[in-house]
Amino acid sequence: MFKDKEVFLFDLDGTLLSIEAENFLKYYFAALSSEFEDLCAEKEEFIQLLMGSTNKMIRNDGSRTNQEAFMEDFIEKLQISDRSEADKIKSRFEKFYQTKFAALDQYFEIDRKTPAEIIEYLKAKNKRLVLATNPLFPEEAVAARLSWIGIDAADFELLTHYENMSYAKPNPDYYREILNKIDVEPEACLMIGNDLKEDAVASRLGIDTLIIEDKLIEREGSDFDISWRGSLKEFKNLLEEKL
Ligand SMILES: [Mg+2]
């Protein structure tokens, strides 16, 4: 099951990072909307704007980066036509991710031990690692969340983020884009995630998919092939036994 696999792709939220995505979004949107209070009088309205532009980014079609897809839509919705105003908003986003976003871990109880042990084990076995997190955030924000579990971003040969990807989950093209970037065949990869659609869709390309059930996300009508399912601890035990 593991020996012939060269690359391990890991989802982050709900897989390596034991935070419920819904719960995380609550704090994230609250922090972001206080940061941009001046742009929008109503917090709720601002969150609606953010979610709308995020949905645009999720449906990105490969023609531009996810960041471009998000920003174009967001700036348009705020009715900003001045280029320098738009650039200012872009840099405010970047600053937010470098500072306040990185401090959001204070709101959560995070299991640090098991994920870090898994990554160490795979590194010792010379496996190639990809962090296949839905690329809706900038690189700093992805690296910050990895640091919450004591994992170094440099352990991964590729982190997917909104600047380097032009598709998002659950589009299977997201996984194709990864395979192209790291130049590997799907049969040599394993995808480990917690979402029966967004992660399990990788199996459509011929990537064996393992589901971590601690924070399982079920989706109606999703029946992708799953090679194995269990808790993160069970996954770690299985690795140590079989690899
Ligand atoms: Mg997830």
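Treat the numbers as computed from the prediction; the structure is a model and nothing was measured.

> Any details on the coordination of the magnesium ion? Residues and values, ideally.
Bound to the magnesium ion on the protein side are D11 (OD), D13 (O) and N194 (OD1), at distances that span 2.2 Å. For the magnesium ion, the donor residues sit on a single chain with the sequence spacing D-x1-D-x180-N. When sorted by exposure, D11 lands in the same class as D13, which is buried.

> So what about the pattern of salt bridges? Which residues, and what values?
Scanning the entire structure with this criterion turns up 24 salt bridges. In this structure, R128 engages E6 in a salt bridge whose closest nitrogen and oxygen atoms are separated by 2.7 Å. Separated by 122 residues along the polypeptide, R128 in strand β2 (residues 128–131) and E6 in the segment before β1 (7–10) bring together distant segments of the chain. Residue R128 is classed as partly exposed on the basis of its relative accessible area, which comes to 22%. Note on E6: relative accessible area 37%, which makes it partly exposed. Salt bridges linked by common partners bring K113, E117, K236 and E240 together as one network.

> Give a description of the pairing of strand β5 (residues 208–212) that names residues and reports values.
On a regular strand, one side chain projects to one face of the sheet and the next to the other, so that they alternate. Burial of β5 is extensive: four of the five residues sit out of reach of the surface. The pairing of β5 with strand β6 (residues 228–230) spans three bridges and is parallel. If you follow L210 over to β6, its bridge partner there is W228.

> Which residues make up the environment of N164, and what values do they have?
Take N164: it is sitting in the loop between β3 (158–159) and α7 (172–182). Between the C-alpha atoms of N164 and P135, which are 29 residues apart in sequence, the distance is 8.2 Å. In this view, N164 contacts L158, L159, E177 and K181; residues no more than four positions away in its chain are not counted. A distance of 2.9 Å separates a polar atom in the side chain of N164 from the backbone oxygen of L159.

> Which residues make up the pairing of strand β4 (residues 189–193), and what values go with them?
Within β4, five of the five residues are buried, leaving the element largely enclosed by the surrounding structure. The alternating pattern of β4 places C189, M191 and G193 on one face and L190 and I192 on the opposite face, and all of these are buried. By the bridge criterion, four bridges tie β1 to β4 in an arrangement that is parallel. In the sheet register, V7 faces β4, and the bridge partner there is C189. Here four bridges tie β4 to β5, and the two strands are oriented parallel to one another. Directly across from L190, in β5, lies its bridge partner D208.

> I'd love a proper account of the sheet that holds β2, names of residues and values included.
Read across the sheet, six strands follow the order β3-β2-β1-β4-β5-β6 without closing on themselves; strand pairing throughout is parallel. Since the sheet does not close on itself, it has two edges, and those belong to β3 and β6, each with one partner. In the packing of helix α5 (residues 113–124) onto the sheet, contacts are made with β1 and β2, and the angle to β1 comes to roughly 165°. Its contacts with the sheet put helix α8 (residues 232–242) on β1, β4, β5 and β6, and the angle it makes with β6 is roughly 125°.

> Go over the domain arrangement of the protein chain, please, and point to the residues and values.
The domains assigned to the protein chain are domain 1 (7–19 + 110–242) and domain 2 (22–105). Using only C-alpha atoms to locate each centre, domain 1 and domain 2 end up separated by 25 Å. Listed as interface residues are 20 residues of domain 1 and, on the opposing side, 19 residues of domain 2. Summed over both sides, the interface of domain 1 with domain 2 buries roughly 1800 Å², with 66% coming from carbon and sulfur. Tallied by class, residues from the side of domain 1 that touches domain 2 come to 13 nonpolar, two polar and five charged.

Parameters and conventions
- Residues numbered from 1 in each chain as written.
- Predicted model: local features only at pLDDT ≥ 70, side-chain atom pairs only at ≥ 80, totals over all residues.
- Heavy atoms only, no water.
- Donors = N, O, S within 2.8 Å, 3.2 Å for Na, K, Ca; no water.
- Buried < 20%, exposed > 50% of the residue type's maximum accessible area, 1.4 Å probe, protein only.
- Salt bridge = Lys/Arg side-chain N within 4 Å of Asp/Glu carboxyl O.
- Helix = DSSP H or I, 4+ residues; strand = E, 2+ residues; numbered from the N terminus.
- Pairing = 2+ DSSP bridges.
- Contact = heavy atoms within 4.5 Å.
- Polar contact = N/O pair within 3.5 Å; in protein donor to acceptor, adjacent residues only side chain to side chain.
- Axes fitted to C-alpha atoms, helices over the stretch in contact; angles between N-to-C directions.
- Domains from an automatic or database assignment.
- Buried area = accessible area lost by both parts, 1.4 Å probe.
- Nonpolar A, V, L, I, M, F, W, Y, C, P; charged D, E, K, R; others polar.

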